[in-house]
Amino acid sequence: MDEEAKPNPNADAAPAAAEAAASSPPPLSSSESAEGKDKEEEKEEEEEEEAGDLVEKLVELVEEIAAISDFRNAYRRQFCNLSRRIRLLAPMLEEAKEGPRPLPDVSYSALRRLREALADSRELLRLGVSGSKISLVLEREKIMKSFQDITARLEQALGLISFDELDISDEVREQVELVHAQFKRAKERSDPSDDDLFNDLVSVYNSSTSANVDPDILQRLSDKLQLATISDLNQESLILHEMASGGDPGAVVEKMSMLLKRIKDFVQSRDPEMGTPVNTTELSGKDNMASLIVPDDFRCPISLDLMKDPVIVATGQTYERGCIERWLEAGHDTCPKTQQKLPNKSLTPNYVLRSLIAQWCEANGMEPPKRAAQHHNAPASCTAAEHSNVVELLQKLLSQNLEDQREAAGMLRQLAKRSPENRACIGDAGAIPILVSLLSITDVSTQEHVVTALLNLSIYEENKARIITSGAVPGVVHVLKRGSMEARENSAATLFSLSLVDENKITIGASGAIPALVLLLSNGSQRGKRDAATALFNLCIYQGNKGKAVRAGLIPVLLGLVTETESGMMDEALAILAILSSHPEGKTAISSANAIPMLVGVIRNGSARNKENAAAVLVHLCNGEQQQQHLAEAQEQGIVTLLEELAKSGTDRGKRKAIQLLERMNRFLMQQSQAQAQAEAMAQAHAHAQSQAQVQALNEAQSQVEMQVEQLLLPTTSHLSDRRDG
């Protein structure tokens with residue numbers, strides 16, 4: 001209720017009069033009589049003013065209700081009917097503003113009741129616009145009771161209003177009487193709720209997995225709940241998180257969020273372009289995208305979309321940066337998913353998850369989602385003493401004394417390793433250009449310290465840009481080619497860190513880094529190989545770098561790592577192969593290496609992740625000019641049974657790839673069967689034609705013989721002549 005209830009000034013008039021008569025006070029003097037009259041007039045003026053305020057408030061309520069629209073939920077008809085009927089009361093209230101004062105008791109009481117019912121109606125209608133569509137259906141008994149209660153109260157209030165006392169015109173009176181009759185009928189016969197919708201929602205709500213849900217049910221839910229656009233789905237998700245923040249049972253809200261995710265997965269599978277914008281030019285076919293389901297871990301718990309810039313909050317949960325920033329800016333101080341109070345509002349980039357998302361995108365033929373430009377809050381400034389220490393180290397770094405340089409570089413390396421504040425302080429102090437100038441130094445220890453310091457500094461987002469603009473990439477590549485093994489390892493790790501910014505992938509790829517990374521992957525230490533693989537994986541996410549990697553000889557190195565199980569690099573190698581197989585040059589190189597038996601072997605004996613990557617490579621190989629050849633070879637290796645097993649028990653992505661391959665294999669086998677049947681039919685037709693020709697030839701020969709015999713048996717003319725003469 002917006003106002004506190006005020007007492008009716010006429011309510012106690014009769015009891016007061018009786019009390020006055022019983023007490024029989026002495027007659028009032030003229031002055032006292034005049035004073036009493038003034039008070040009575042003041043009381044009437046107060047009543048008149050209050051009545052005017054009451055009617056004005058009623059007019060405002062109807063205007064507010066008229067502005068509430070877009071009831072896009074399961075109770076749209078009920079909400080629209082309630083709103084429409086209330087709007088029809090506006091003419092009566094406008095005329096009541098000009099009506100007589102003071103209001104009679106009955107009319108005043110009726111308008112008070114009407115005001116209270118309209119205030120509650122407004123809140124219910126607001127719920128119809130801003131409330132959770134899923135929650136409205138699940139709480140249908142509560143919602144329908146609210147409709148019935150408000151309808152009854154509005155009907156009662158209108159029934160008590162005296163049109164004559166309010167001086168309402170006949171035309172408006174007829175309209176209000178019609179509305180009153182509509183409320184009366186609605187009270188006696190309430191609109192039924194959609195039982196089918198409720199049952200559908202409950203069935204999905206109680207399903208243990210998405211696989212158990214009938215797609216037809218999800219389609220009906222999407223249509224009836226009007227959750228068919230990314231805007232609708234995101235809005236519903238935000239509302240559910242608001243409910244959790246507002247104290248609603250967390251388990252219930254979490255289950256409703258799960259239900260929403262299933263609807264969203266279904267909608268995106270039917271209309272893949274509605275979700276996070278992706279570049280689909282690399283897809284091998286539209287059916288790939290249609291069946292694509294984003295893994296739960298890659299979704300933002302708030303928007304349910306594929307994350308572009310995942311960040312970690314203080315509770316350890318990961319969210320899309322823009323979503324969690326809006327959540328915090330709205331004044332929330334809790335974690336949306338766990339509802340724990342956040343000890344601080346710091347956001348830490350989740351680089352590992354970003355790489356996994358990029359890998360997943362590339363493995364599915366998609367460009368990774370690009371992050372929006374961010375203006376990150378800098379860590380707390382370092383103290384004056386710390387800043388002074390950094391300046392002293394930079395002075396040593398600029399000296400010509402090799403020992404001073406080595407010591408300063410080592411100290412900066414350690415400082416940059418310890419904290420974000422140190423990394424920001426060192427970057428702000430201008431250390432990066434000085435360190436970059438020392439990358440080509442011949443002293444091994446100093447070079448190791450310098451490149452490792454740059455690696456540690458690059459973890460801070462703003463330093464990435466400073467390192468790139470200072471021209472560090474050629475120097476880092478120089479160390480990658482010619483430095484010690486430790487320096488090469490850390491150079492590769494630095495390139496990986498810098499390549500997390502999409503624009504830097506192009507710069508690094510053009511610097512000649514890729515061949516040097518391939519060489520490190522081939523002959524480096526175990527740690528060096530892993531650093532090189534991580535950097536190559538990230539660089540090859542950019543389409544323009546894939547051809548460079550293939551031409552640098554990366555494919556044979558990767559295939560060697562897959563077959564050499566003792567290398568321990570099979571996971572990384574297959575992940576990169578899955579990316580490169582989407583590129584024409586990569587697919588050609590893998591085909592030329594006769595990799596089909598090896599890939600089938602991985603599907604037969606590999607881990608779940610490796611099976612899905614091997615299947616992803618095969619999906620690309622078995623598409624295009626050599627499709628028939630590769631499918632035939634894979635069939636000979638016994639892949640059909642393996643794919644059937646993978647389609648049943650593999651990872652989600654592995655299942656999708658297996659199903660794609662099985663569909664192509666089935667088409668291939670069907671084409672083979674048809675071709676064989678056609679060849680057999682042609683052979684039979686040819687044999688039949690030959691047989692017919694032989695029969696015809698025999699018949700013709702027999703006819704010729706018979707003709708010859710007949711000619712021999714016929715008497716000659718000379719013989720007949722001899723017989724006549726005799």
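Since the structure is predicted, the reported quantities are computational estimates derived from the model, not experimental observations.

Definitions and cut-offs
- Residues numbered from 1 in each chain as written.
- Predicted model: local features only at pLDDT ≥ 70, side-chain atom pairs only at ≥ 80, totals over all residues.
- Heavy atoms only, no water.
- Helix = DSSP H or I, 4+ residues; strand = E, 2+ residues; numbered from the N terminus.
- Buried < 20%, exposed > 50% of the residue type's maximum accessible area, 1.4 Å probe, protein only.
- Arc of directions from axis to C-beta.
- Pairing = 2+ DSSP bridges.
- Contact = heavy atoms within 4.5 Å.
- Axes fitted to C-alpha atoms, helices over the stretch in contact; angles between N-to-C directions.
- pLDDT = per-residue confidence, 0-100.
- Parallel < 35°, antiparallel > 145°, perpendicular 65-115°, else oblique.
- Left-handed = near helix turned anticlockwise from the far one by under 90°.
- Salt bridge = Lys/Arg side-chain N within 4 Å of Asp/Glu carboxyl O.
- Phe/Tyr/Trp six-rings, centres within 6.5 Å; stacked < 30°, edge-to-face > 60°.
- Core = buried A, V, L, I, M, F, W, Y, C linked by side-chain atoms within 4.5 Å.
- Expected span 1.5 Å × (residues − 1).
- Polar contact = N/O pair within 3.5 Å; in protein donor to acceptor, adjacent residues only side chain to side chain.
- Nonpolar A, V, L, I, M, F, W, Y, C, P; charged D, E, K, R; others polar.

**Some points on the environment of serine 146**
Line of reasoning, step 1. Counting through the fold element by element, serine 146 comes out in helix 7 (residues 140-160).
Line of reasoning, step 2. Overall, the relative accessible area of 25% leaves serine 146 in the partly exposed class.
Line of reasoning, step 3. A C-alpha to C-alpha distance of 9.1 Å links serine 146 and aspartate 120, two positions 26 residues apart in sequence.

**Things to note about helix 22 (residues 461-469)**
Line of reasoning, step 1. If you check which residues of helix 22 are buried, you get Glu461, Asn463, Lys464, Ile467 and Ile468. Buried residues of helix 22, seen end-on, are gathered within an arc of 150° and therefore sit on one face of the element.
Line of reasoning, step 2. Within two residues after helix 22, glycine 471 carries a phi angle of roughly 75°, on the positive side.

**Quick notes on the sheet that holds strand 1 (residues 310-312)**
Line of reasoning, step 1. Pairing in this open sheet of three strands is antiparallel, and the strands run 2-1-3 from one edge to the other. In this open sheet, the two strands that pair with only one neighbour each are strand 2 (318-320) and strand 3 (348-349).
Line of reasoning, step 2. By the bridge criterion, three bridges tie strand 1 to strand 2 in an arrangement that is antiparallel. Within strand 2, the position partnered with valine 311 by the bridge is tyrosine 319.
Line of reasoning, step 3. Contacts from helix 15 (residues 321-329) reach strand 1, strand 2 and strand 3 within the one sheet, and its direction differs from that of strand 2 by about 95°.

**With respect to the confidence of the model for the protein**
Line of reasoning, step 1. In this model, the protein carries an average pLDDT of 78, and 80% of its residues clear a pLDDT of 70 or more.
Line of reasoning, step 2. In the model, residues 374-378 has pLDDT below 50 throughout and makes eight contacts with residues more than four positions away in sequence or in other chains.
Line of reasoning, step 3. This stretch, residues 720-726, has a pLDDT under 50; its non-local contacts, to residues over four places away or in other chains, come to zero contacts.

**Overview of the packing of helix 18 (residues 402-418) against helix 21 (residues 444-457)**
Line of reasoning, step 1. Between helix 18 and helix 21, whose axes approach to 8 Å, the crossing angle comes to 25°. When the interaxial angle is binned, helix 18 and helix 21 end up roughly parallel. Between helix 18 and helix 21 lies a crossing of left-handed hand. Across from Leu402, Gln405, Arg406, Ala409, Gly410, Leu412, Arg413, Ala416 and Lys417 in helix 18, the residues of helix 21 making contact are Ser445, Thr446, Glu448, His449, Val450, Thr452, Ala453, Asn456 and Leu457.

**Here's the deal with the pattern of salt bridges**
Line of reasoning, step 1. Evaluation of the coordinates by the stated rule reveals 24 salt bridges.
Line of reasoning, step 2. A salt bridge links lysine 396 to glutamate 407; the nearest nitrogen and oxygen atoms lie 3.7 Å apart. Here lysine 396 is found in helix 17 (residues 384-398), whereas its partner glutamate 407 is found in helix 18, with eleven residues between them in sequence.
Line of reasoning, step 3. Close ionic contact of lysine 505 with aspartate 502 constitutes a salt bridge, the shortest N to O distance being 3.1 Å. Highlighted residues: lysine 505 and aspartate 502, both in helix 25 (residues 502-509), separated by three residues, approximately one helical turn.

**Some details on the packing of aromatic side chains**
Line of reasoning, step 1. Scanning the entire structure with this criterion turns up four aromatic pairs.
Line of reasoning, step 2. Ring plane angle 90° and centroid distance 6.5 Å describe the contact between tyrosine 75 and phenylalanine 79, whose orientation is recorded as edge-to-face.
Line of reasoning, step 3. Look at tyrosine 75 and you get buried, because its relative accessible area is 4%.
Line of reasoning, step 4. A ring pair is formed by tyrosine 75 and phenylalanine 147, whose centres lie 6.4 Å apart and whose planes are at 40°; its orientation type is tilted. Here tyrosine 75 is found in the loop between helix 2 (30-67) and helix 3 (76-87), whereas its partner phenylalanine 147 is found in helix 7, with 72 residues between them in sequence.
Line of reasoning, step 5. Classification of phenylalanine 147 as buried rests on a relative accessible area of 8%.

**Looking at the nonpolar core**
Line of reasoning, step 1. With 100 residues, the main nonpolar core has Leu397, Leu517, Leu521, Leu554, Leu577, Leu580 and Leu599 as its most contacted residues.
Line of reasoning, step 2. Counting 43 residues, the second-largest nonpolar core is a separate cluster that includes Leu54, Leu58, Val59 and Ala96.

**A short note on unusual backbone geometry**
Line of reasoning, step 1. Look at aspartate 167: it is not a glycine, yet its phi comes out positive at around 60°.
Line of reasoning, step 2. Mapped onto the secondary structure, aspartate 167 falls in the loop between helix 8 (163-166) and helix 9 (170-188).
Line of reasoning, step 3. With relative accessibility at 54%, the residue aspartate 167 sits in the exposed group.
Line of reasoning, step 4. Even without glycine at this site, asparagine 594 takes up a positive phi of about 50°.
Line of reasoning, step 5. Owing to a relative accessible area of 57%, asparagine 594 belongs among the exposed residues under this scheme.

**Some remarks on the environment of proline 91**
Line of reasoning, step 1. Relative to the assigned elements, proline 91 resides in helix 4 (residues 90-97).
Line of reasoning, step 2. According to the relative accessible area criterion, proline 91 is partly exposed, its value standing at 33%.
Line of reasoning, step 3. Spatially, the C-alpha atom of proline 91 lies 9.2 Å from that of isoleucine 168, the residues being 77 residues apart in sequence.
Line of reasoning, step 4. Residues within four places of proline 91 in sequence aside, it is in contact with Val172 and Gln175.

**Regarding helix 9**
Three- or four-residue spacings in an α-helix give side chains the same orientation, since the helix completes a turn every 3.6 residues.
Line of reasoning, step 1. With 19 residues, helix 9 should reach 27 Å at 1.5 Å per residue; the first-to-last C-alpha distance of 27 Å fits that figure.
Line of reasoning, step 2. Turning to helix 9, its buried residues number three or more, namely Val172, Arg173, Val176, Val179, Gln182, Phe183 and Ala186.
Line of reasoning, step 3. In this structure, the buried residues of helix 9 make contact with helix 3, helix 4, helix 7 and helix 8.

**Remarks on the side chain of glutamate 612**
Line of reasoning, step 1. Structurally, glutamate 612 can be placed in helix 33 (residues 608-621).
Line of reasoning, step 2. For glutamate 612, a relative accessible area of 2% corresponds to the buried category.
Line of reasoning, step 3. Within the structure, the side chain of glutamate 612 is placed 2.8 Å from the side chain of arginine 609, a separation counted as a polar contact.
Line of reasoning, step 4. Those residues in contact with glutamate 612, other than ones at most four positions away along the chain, are Thr651, Arg653, Gly654 and Lys657.

**Remarks on the environment of phenylalanine 183**
Line of reasoning, step 1. Considering the arrangement of structural elements, one finds phenylalanine 183 in helix 9.
Line of reasoning, step 2. Using a relative accessible area of 0% as the deciding quantity, one classes phenylalanine 183 as buried.
Line of reasoning, step 3. Phenylalanine 183 has contacts with Leu82, Arg85, Ile86, Thr151, Leu154, Glu155 and Leu158, leaving out every residue within four places of it along the chain.

**Considerations on the packing of helix 17 against helix 18**
Line of reasoning, step 1. As a packed pair, helix 17 and helix 18 sit with axes 8 Å apart at the nearest point and diverge in direction by 145°. Our pair here, helix 17 against helix 18, has a crossing hand that is left-handed. Of the residues in helix 18, those in contact with Asn389, Leu393, Leu394, Lys396 and Leu397 of helix 17 are Asp404, Gln405, Glu407, Ala408, Ala409, Met411, Leu412 and Leu415.
Line of reasoning, step 2. Of the residues in the contact of helix 17 with helix 18, the class split is eight nonpolar, two polar and three charged.

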